Amino acid sequence: RHGIRPAPRRSSEKWRTFLRAQASTIVATDFFTVDTVFLKQLYVLFFIELGRRRVWITGVTDHPNGLWVTKQARNATMEFDEVGIDVKILVRDRDAKFASSFDEVFTAGGAQIIKTPVKAPNANFFAERFVRTVREECLDHLLIVGEHHLRRVIHVYVDHYRTARPHQGLAQQIPGGWAPKLTVIGDTGDTDARRGQRWFGKVHRRDRLGGLLREYSRAA
């Protein structure tokens, strides 16, 4: 009646589309702790890029002070630059370990810091989900002796996570960008669902961390 057109219909699908479009510029960060067999608590700082769920473990320490976290922030920004991630938003909780100098490393590059509400871990659910994953698939099954041991274990797991582990949130794609490896045992034929083709061959299995992690690939 007043010449104003109706507002467009809003739907959750449009919101999902918006999030997918922005995800490649959003990075979340958090700490998780690991207790060694000698009852020493170690802190692990990690970053996860929301677009492809790629994870970077930047440091392990028993004393995460302001100087240390700032150094890890600088290391992370260099990693992001190398792979072409232009961080626009950094999501973190209100942990006191995140010093103001930590935020300044990212804001100097044009990123916005978003702090999650107090006692609301679901507000940083991508990071929280990774912590649950690394515990359930790796750390809960190992006895960690010390800082050096933890670094080695985490390095192996993150490499597996990024290059060999299909992710449900990526339609079974791998965070590193490769298609999932087929898991056919023996000489029997199977169908590649992505191409609709049949193929024959043996599968090679690679055991990591003493067989805790298993990776499958088509044998040459």
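See the structure shown above.
Residues numbered from 1 in each chain as written. Predicted model: local features only at pLDDT ≥ 70, side-chain atom pairs only at ≥ 80, totals over all residues. Heavy atoms only, no water.

**Q** Please provide a residue-by-residue account of the side chain of threonine 77, values included.
**A** Along the polypeptide, threonine 77 turns up in helix α2 (residues 66-83). Sequence-distant contacts of threonine 77, defined by excluding residues within four places in its chain, comprise Val105 and Phe106. (Helix = DSSP H or I, 4+ residues; strand = E, 2+ residues; numbered from the N terminus. Contact = heavy atoms within 4.5 Å.)

**Q** Describe the environment of histidine 204, listing the residues and the values that go with them.
**A** If you trace the backbone, histidine 204 turns up in strand β8 (residues 203-208). The sequence separation of histidine 204 and arginine 218 amounts to 14 residues, and the corresponding C-alpha distance is 5.8 Å. Look past the residues within four positions of histidine 204 in its chain and what remains in contact with it is Glu215, Tyr216, Ser217 and Ala219.

**Q** Talk me through helix α4 (residues 125-137); I want residue IDs and the actual numbers.
**A** The end-to-end C-alpha separation of α4 is 18 Å, in line with the 18 Å expected for 13 residues at 1.5 Å each. Those residues of α4 not exposed but buried are Ala127, Phe130, Val131, Thr133 and Val134. One face of α4 carries all of its buried residues, which in axial projection span an arc of 165°. (Expected span 1.5 Å × (residues − 1). Buried < 20%, exposed > 50% of the residue type's maximum accessible area, 1.4 Å probe, protein only. Arc of directions from axis to C-beta.)

**Q** Would you mind going over the pattern of salt bridges in detail, with residue names and values included?
**A** This structure, assessed with the given rule, holds 13 salt bridges. The residue aspartate 95 makes a salt bridge to lysine 97 at a minimum N-O spacing of 2.6 Å. The residue arginine 132 makes a salt bridge to glutamate 136 at a minimum N-O spacing of 3.0 Å. With arginine 132 and glutamate 136 both in helix α4, this residue pair falls four residues apart, about one helical turn. Look at arginine 132 and you get partly exposed, because its relative accessible area is 46%. Among the charged side chains, a network of salt bridges with common partners joins Asp159, Arg206, Arg208 and Glu215. (Salt bridge = Lys/Arg side-chain N within 4 Å of Asp/Glu carboxyl O.)

**Q** Can you explain the sheet that holds strand β1 (residues 26-35)? Please cite residues and give values.
**A** Taken in spatial order, the five strands line up as β3-β2-β1-β4-β5 in an open sheet, and their pairing is mixed. With one partner strand each, in any of the chains shown, β3 (54-61) and β5 (112-115) form the two edges of the open sheet. Along the sheet, successive strands turn relative to each other by an average axial angle of 25°, direction set aside. With seven bridges joining them, strand β2 (residues 41-49) and β3 adopt antiparallel strand pairing. Bridging from a neighbouring strand, glutamate 49 pairs with arginine 54 of β3. Its contacts with the sheet place α2 against β1, β2 and β3, and it is angled at close to 155° to β3. (Pairing = 2+ DSSP bridges. Axes fitted to C-alpha atoms, helices over the stretch in contact; angles between N-to-C directions.)

**Q** Can you tell me about the packing of α2 against helix α3 (residues 100-107), naming the residues and giving the values?
**A** Across the interface, α2 lies against α3 with an axial gap of 8 Å and an inter-helix angle of 20°. Taken as axis vectors, α2 and α3 run roughly parallel relative to one another. Judged by the sense of rotation from one axis to the other, the crossing of α2 with α3 is right-handed. Contact with α2, carried on its side by Gly66, Val69, Thr70, Ala73, Arg74, Ala76, Thr77 and Phe80, involves Ser101, Phe102, Val105 and Phe106 of α3 and no other residues of that element. Across the contact of α2 with α3, the residue classes tally to seven nonpolar, four polar and one charged. (Parallel < 35°, antiparallel > 145°, perpendicular 65-115°, else oblique. Left-handed = near helix turned anticlockwise from the far one by under 90°. Nonpolar A, V, L, I, M, F, W, Y, C, P; charged D, E, K, R; others polar.)

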